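Chain by chain, the residues:
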Amino acid sequence: MDGTIFIPLMVVIPIICAVLVNLLHEHSGVTKIFGYIGAICLPIVPILAVYGNHFFGGYQPLANGGLTVALPEAANAIISGSFLELFHPAITYAFGPGQQVILFVLGLVAMCAVFISIAETKKTSGVYLYMLFMLSAALMAFVLTDDIFNLYVFFEIAALVQVGLILVSRVRGNYETGLKYMLLGEVGGSFMLLGIALILGLTGNVNISDIVMMIHTGLVNPTNPVLLFAAGMLIYGWLYATGLPPFNAIKSEIYSKGLPSGSMLLQSFSVIACISIGLVIIRIFGYLPTAQMAMLAVSVIAMILGICMAMVQDDYKRIIAYLAVGELGYIGVGLGLATPLSITAGLFQAVNELVVTSFLFIGFGLVLYKTRTSKISKLGGLVEYMPVAALLTVLAGFAMAGVPPFNVFQSKYLLCQAAIAAGIPELAVIMIILSIVTFLAFLKMAYAIFLRPKPDELEVSSASVPKTTMAVMIVFLIICLIIGLFPGLVVDKLGVLALTAFAL
Amino acid sequence: MAIEIVQCGALITAALLMIIGLVALVYLDNVLKKIIGAAFIGDGVNLLIIALGYRVNGIPYIFLQNMDVNSFLGQASYPLPFALVLTSIVIGASTLAVMLALAVVLYKRNGTLSATALLNDKKLGEENNE
Amino acid sequence: MIDVNILVQNAVPLALYVFAILGAIVALMQKDLLKMAVLTSVSGFAVAAIFQVLLAPDVALTQAVVGAAIIPTLVGLSVLKTREPPVTEDVEGDS
């Protein structure tokens, strides 16, 4: 038995846990145990797994001797010696060094989300845990899958579960937001399926590696207008899943309606969808400058819009939500430049963002937990009540703005290098200016919430901060520092994934 | 020649269903009608994928005992799109069910099914900033 | 004889296409929502029959069950639910 058996387990274990906690949701104790076991498995399995491909059902490409049964003569005559021998007949999961890093960090974030949700609720809710696990499974599959239809299926599952995560929070207006998000999601999902259908019609294939091979070896005419239309449809799906403009308003509404632990996974979905669907587009349509320019333009608009919208808000949940959408623009810039260095930088930024945005959501979740209000104008002086948590939250804000020695500094620095190397130094200037603006926005917010004198009418609850939450915040801070001080650990592995985007 | 009308017609029908769904989603006010419009978009895409696997003068892709392999390979339709559509139909139905449930809950809370009253950005924004 | 055969082969799919499109339009134009729920099944069933014509019998079976039976039932149920008087209690939420 080799280590590649762990590759499907990364998706299967969370799904099994999800089903079990949902079945047993009446027994709080059992649910809790299964929740802990499943959560701990999430980051551990990617470490144990060995690099390689997993073919579901064992159907390897025919060149590797995939079939044990002898083929009919007529079929054999067509297949042997042609491209058909190299095609992947099964759903293929590819696992390499880059995927390992992303999945490890993602597993860590998901584990922390499960722990926090168990610690912060008195009676463990099996249904809520079900949705957390299901979303983690969908995200794991997003990174692993090499099959474009499998991507779509998990995209729809994730869309359903996201709405579920919004509905369980009792924030006002969550049902309206959920319905709006689902209606948009039905259109986004259908359009993405339309793009997949057109690619399927031209190539007869849904495996991404096979599609890339067919297009780049000239089996399919790359300038076919239908292919251009398919690129447009896939980019539409990418925009919807990522929440770049014109979907930034609904996406930030979604973030601000979730519980802190739910918001962590909701933003993980945006980040992971951004890199996985983005990589699919880069791999298939890498020869189309139009597609890359579209991605680049939308990302730049997203960065600027995100920060502008965040500056005028008074609700700190909305501010973080808009900033999170804006930060996604940096990943989009990395992917849109489409050089190996820039894609590495984009993936690095994605990994950092998974950690830092979750860190911020928890930190400001604690403010909400203590004060029951999310209006900055009503807040103040909280540093007396939660000194350590306040310090950690401010550090998280600094990390997001790109202050050294934290991790985002390294990835933004790499992005600027990539932009200059690609011959667009203006982008680097824009990114630096926007980072400074983000930093100022955080200083203003941190001063208003933590440092200025407490307003008289503000009531701070005496409930102590849950220990699990503090532990999770410290874990996130340590990850930020480790990646920030030793970026080579992550960047080298992500570089391998970035290079596969250009290989046939 | 005459038979190819079948495939072209199916593609045109798929396109029209998608357009009808989109128009309903954008212009109709009733939330239930919007939801059904969204379901029609999904139907249209499914129909398009099925039309891709069609083969003129073909037979269904079910291999029976007494068939000749060579003529089966020459005539059978392409089954991969059909396998995909089976999944897609079920996903569409479950999405529709969740959306309908949401619409019912919203009606019970607000007493209306009008989208302008329910999903208005302005109203939501004011509620948030009260 | 051959003429009739070709006519039938062409006419049946075309009739189904017209049914699918008109069914969708008519369903969406109804004022009475319950009628809309019932008419949704016309389009669903026509699409199922088109799948059969396009050589996909198993997909046709699924679509016939889902599109012509389950979806109209779900829509009809939610229409009936939305005819009851709404619950007017003000639901309290966090901020």
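Residues take numbers from 1 onward in each chain, read along the sequence in its written order. Chains carry letters and ligands carry numbers; both start at the beginning, A for chains and 1 for ligands, and go up in the order they are written. Selection of residues for local features in this predicted model requires a pLDDT of at least 70, selection of side-chain atom pairs for listing and counting requires 80 or more, and totals for whole chains, interfaces and linings are taken over all residues. Each side-chain value is derived from all of the structure's non-hydrogen atoms; neither hydrogens nor water enter the calculation.

**Here's the deal with the overall build of chain C**
- Think of it this way: any DSSP run of H or I at least four residues long counts as a helix, any run of E at least two long counts as a strand, and we number them from the N terminus. Along its length, chain C carries three helices and zero strands.
- In chain C, the succession of α and β elements from N to C terminus is α-α-α.
- When accessible area is computed with a 1.4 Å probe and restricted to protein chains, residues below 20% of their type maximum are described as buried, those above 50% as exposed, and intermediate ones as partly exposed. Counting over 95 residues, chain C shows a buried share of 42%.
- Expressed as a percentage of contacts within chain C between residues at least 6 apart in sequence, the contacts between residues at least 24 apart total 52%.
- Areas reported here follow the Shrake-Rupley algorithm with a probe of radius 1.4 Å; residue values treat only the protein chains shown as occluding. Carbon and sulfur atoms provide 72% of the accessible area of chain C, an area that totals close to 5,200 Å². In what follows, residue pairs with any heavy atoms lying within 4.5 Å of each other are defined as contacts.

**Some thoughts on the interface of chain B and chain A**
- Contact residues are listed per partner, giving 42 residues for chain B and 35 residues for chain A.
- Once two parts are put together, the accessible area they lose, assessed with a 1.4 Å probe and summed over both, is termed the buried area. Here chain B and chain A share an interface that buries about 3,400 Å² over both sides, 76% of which is from carbon and sulfur atoms.
- The salt bridge definition used is simple: a Lys or Arg side-chain nitrogen within 4 Å of an Asp or Glu carboxyl oxygen. Taken together, the connections running from chain B to chain A amount to zero salt bridges.
- Counting of polar contacts relies on pairs of N or O atoms within 3.5 Å, with two restrictions inside protein: one atom must be capable of donating a hydrogen and the other of accepting it, and residues adjacent in sequence are counted only when both atoms are side-chain atoms. At the junction of chain B and chain A, the tally comes to one residue pair in polar contact (both at pLDDT 80 or more).
- Among the secondary structure elements, those contributing two or more residues to the side of chain B that touches chain A are α1 (4–27), α2 (31–53), α3 (69–75), α4 (80–110) and α6 (121–128) of chain B.

**Quick word on the layout of surface pockets**
- The calculated volume of the largest pocket comes to roughly 1,600 Å³.
- Lining of the largest pocket is provided by 44 residues; of these, Leu84 and Pro89 of chain A together with Tyr78, Pro79 and Leu80 of chain B occupy positions nearest its centre.
- For the lining of the largest pocket, the elements supplying multiple residues, two or more each, are α3 (73–79) and α6 (148–168) of chain A together with α3 and α4 of chain B. Only protein atoms enter the calculation, which uses a 1 Å grid: trapped sets of points that fit a 1.4 Å probe without letting it out are cavities, open sets showing protein on both sides within 12 Å along at least five of seven lines are pockets, and any residue with an atom within 4 Å of a point is a lining residue. Grid points are joined across faces, edges and corners, and a volume is the space filled by probe spheres set on the points.

**Details of the nonpolar core**
Residue and element names in this part refer to chain A.
- Here, the term nonpolar core denotes a set of buried Ala, Val, Leu, Ile, Met, Phe, Trp, Tyr and Cys residues that are joined through side-chain atoms within 4.5 Å. Counting residues in hydrophobic clusters, the biggest one holds 257 residues, and the most contacted among them are Ile277, Ile284, Phe285, Ile449 and Phe476.
- The element best represented in this core is helix α14 (residues 340–371), accounting for 17 residues.
- Once you skip the residues sitting within four places of it in the chain, Phe476 turns out to touch Val109, Cys112, Met264, Val355, Ser358, Phe359 and Ile362.

**Considerations on the packing of helix α4 (residues 97–120) of chain A against helix α19 (residues 488–500) of chain A**
Residue and element names in this part refer to chain A.
- It is at 6 Å that the axes of α4 and α19 come closest, and there the two elements cross at 125°. One way to sum up the angle between α4 and α19 is to call them oblique. α19 is crossed by α4, and the crossing has left-handed handedness. Every residue of α19 that contacts α4 at Pro97, Gly98, Gln99, Gln100, Val101 and Ile102 is listed here: Val490, Lys493, Leu494, Val496 and Leu497. Lines are fitted to the C-alpha atoms to define the axes, a helix being fitted only along its stretch in contact, and any angle between axes, read from their N-to-C directions, falls within 0 to 180 degrees. For this classification, under 35 degrees means roughly parallel, over 145 means roughly antiparallel, 65 to 115 means roughly perpendicular, and everything else is oblique. Two helices cross in a left-handed way if the nearer one is turned anticlockwise from the farther one by less than a right angle. They cross in a right-handed way if the turn is clockwise.

**Thoughts on the packing of aromatic side chains**
Residues and elements named next belong to chain A.
- Side-chain rings of Phe, Tyr and Trp (the six-membered ring for Trp) are treated as a pair once their centres are within 6.5 Å; stacked means planes under 30 degrees apart, edge-to-face means over 60, and tilted covers the remaining angles. Per the counting criterion, the structure on display carries 17 aromatic pairs over all chains.
- Ring centres 5.5 Å apart and planes at 40° place the aromatic pair Tyr316 and Phe364 in the tilted group. Of the two residues, Tyr316 sits in helix α13 (residues 316–337) while Phe364 sits in helix α14, which places them 48 residues apart along the sequence.
- Pairing Phe359 with Phe476 gives two aromatic rings, centres 6.2 Å apart and planes at 55°, and the pair type is tilted. On the criterion of sequence distance, the pair formed by Phe359 in helix α14 and Phe476 in helix α18 (residues 467–485) is long-range, its members being 117 residues apart.
- Phe359 gets classed as buried once you look at its relative accessible area, which sits at 1%.
- Look at Phe476 and you get buried, because its relative accessible area is 0%.
- Through a chain of ring-to-ring contacts, three or more aromatic side chains come together here, namely Phe155, Tyr181, Phe191, Tyr236, Tyr240 and Phe247.

**Quick word on the environment of Gln162 of chain A**
All names here are of chain A.
- On the secondary structure map, Gln162 appears in helix α6.
- Exposure remark for Gln162: the relative accessible area of 0% places this residue in the buried category.
- Between the alpha carbons of Gln162 and Gly262 there is a distance of 8.5 Å; along the sequence they are 100 residues apart.
- Excluding residues within four positions of it along the chain, Gln162 makes contact with Leu135, Tyr181, Lys251, Leu266 and Phe269.

**Side note on the side chain of Thr242 of chain A**
Residues and elements named next belong to chain A.
- Tracing the backbone through its elements, the reader meets Thr242 in helix α9 (residues 225–242).
- Take Thr242: its relative accessible area is 0%, and that puts it in the buried class.
- Separated by 2.6 Å, the side chain of Thr242 and the backbone oxygen of Trp238 make a polar contact.

**Topic: the confidence of the model for chain A**
- Here pLDDT means the predictor's own confidence in every residue, given as a number from 0 to 100. Mean pLDDT for chain A: 89, with 98% of residues reaching 70 or above.
- Element-level pLDDT for chain A is lowest in α3 of chain A, with a mean of 74, against a maximum mean of 93 in helix α16 (residues 407–421) of chain A.

**Concerning the pairing of strand β2 (residues 92–95) of chain A**
Residue and element names in this part refer to chain A.
- Taking every second residue as pointing to the same face, both faces of β2 are buried, with Thr92 and Ala94 on one and Tyr93 and Phe95 on the other.
- In the sheet, strand β1 (residues 52–55) pairs with β2 via four bridges, with the strands oriented antiparallel. In the sheet register, Phe55 faces β2, and the bridge partner there is Thr92. When DSSP finds two or more bridges between a pair of strands, those strands are recorded as paired.

**Observations regarding the interface of chain C and chain B**
- Taken together, the 41 residues of chain C in the interface contact 45 residues of chain B.
- Of the roughly 3,800 Å² buried between chain C and chain B on both sides combined, carbon and sulfur atoms contribute 79%.
- Broken down residue by residue, the surface that chain C buries against chain B is led by Leu28, Leu54 and Leu55 of chain C, which jointly contribute 19%.
- Where chain C touches chain B, the interface holds one salt bridge.

**Details of a nonpolar patch on the surface**
Residues and elements named next belong to chain A.
- A cluster of nonpolar side chains, namely Ile474, Ile478, Ile482, Leu485, Phe486 and Leu489, defines an oily patch on the protein surface of about 580 Å² accessible area.
- Broken down by element, the residue count for the nonpolar patch peaks at four residues, all from α18.
- For Leu485, the location among the structural elements is in helix α18.
- Judged by its relative accessible area of 52%, Leu485 is exposed. Each patch is built from salt-bridge-free residues with over 30% relative accessible area, joining like charges within 9 Å and nonpolar side chains (Val, Leu, Ile, Met, Phe, Trp, Tyr) within 5 Å.

**Here we look at α19 of chain A**
Residues and elements named next belong to chain A.
- The terminal C-alpha atoms of α19 lie 19 Å apart, and with 13 residues this matches the ideal 18 Å at 1.5 Å per residue to within 8%.
- Considered for burial, the residues of α19 that qualify are Val490, Val491, Leu494, Gly495, Leu497 and Ala498. The buried residues of α19 occupy an angular sector of 165° when the element is viewed end-on, so they sit on one face. Of the exposed residues in α19, those oriented more than 90 degrees away from the buried face are Leu489 and Asp492. Working rule for helices: expected span equals 1.5 Å times residues minus one. Note: the arc covers the axis-to-C-beta directions of the helix.

**Observations regarding empty space enclosed by the protein**
- Tallied over the full model, the rule gives six cavities of 30 Å³ or more.
- Taken together, 21 residues form the lining of the largest cavity, with Glu186 of chain A together with Gly42, Asn46, Ser88 and Gly92 of chain B sitting closest to its centre.
- Of all the secondary-structure elements, those providing two or more residues to the lining of the largest cavity are α6 and α7 (174–203) of chain A, α2 and α4 of chain B together with α3 (57–81) of chain C.
- With seven residues, the top contributor of residues to the lining of the largest cavity is α4 of chain B.
- Of the residues that constitute the lining of the largest cavity, the class distribution is 10 nonpolar, eight polar and three charged. Any residue outside Ala, Val, Leu, Ile, Met, Phe, Trp, Tyr, Cys, Pro, Asp, Glu, Lys and Arg is labelled polar, Gly included; the first ten of those are nonpolar and the last four are charged.

**Brief notes about the packing of α7 of chain A against α2 of chain B**
- At a minimum axis distance of 9 Å, the contact between α7 of chain A and α2 of chain B shows a crossing angle of 10°. The pairing of α7 of chain A with α2 of chain B is recorded here as roughly parallel in orientation. Here Leu179, Leu183, Glu186, Val187, Ser190, Leu193, Leu194, Ala197, Leu198, Leu200 and Gly201 of chain A of α7 of chain A come into contact with α2 of chain B, specifically with Val31, Lys34, Ile35, Ala38, Ala39, Ile41, Gly42, Val45, Asn46, Leu48, Ile49 and Leu52 of chain B.
- Residue composition of the contact of α7 of chain A with α2 of chain B, by class: 17 nonpolar, four polar and two charged.

**Points about the pattern of salt bridges**
Residue and element names in this part refer to chain A.
- One pass over the structure, following the stated rule, counts six salt bridges over all chains.
- Across the salt bridge formed by Glu327 and Lys412, the nearest N and O atoms sit 3.5 Å from each other. Of this pair, Glu327 sits in helix α13 while Lys412 sits in helix α16; the two residues are 85 residues apart in sequence, bridging distant segments of the chain. Across the pair, exposure class does not vary: Glu327 and Lys412 are buried alike.

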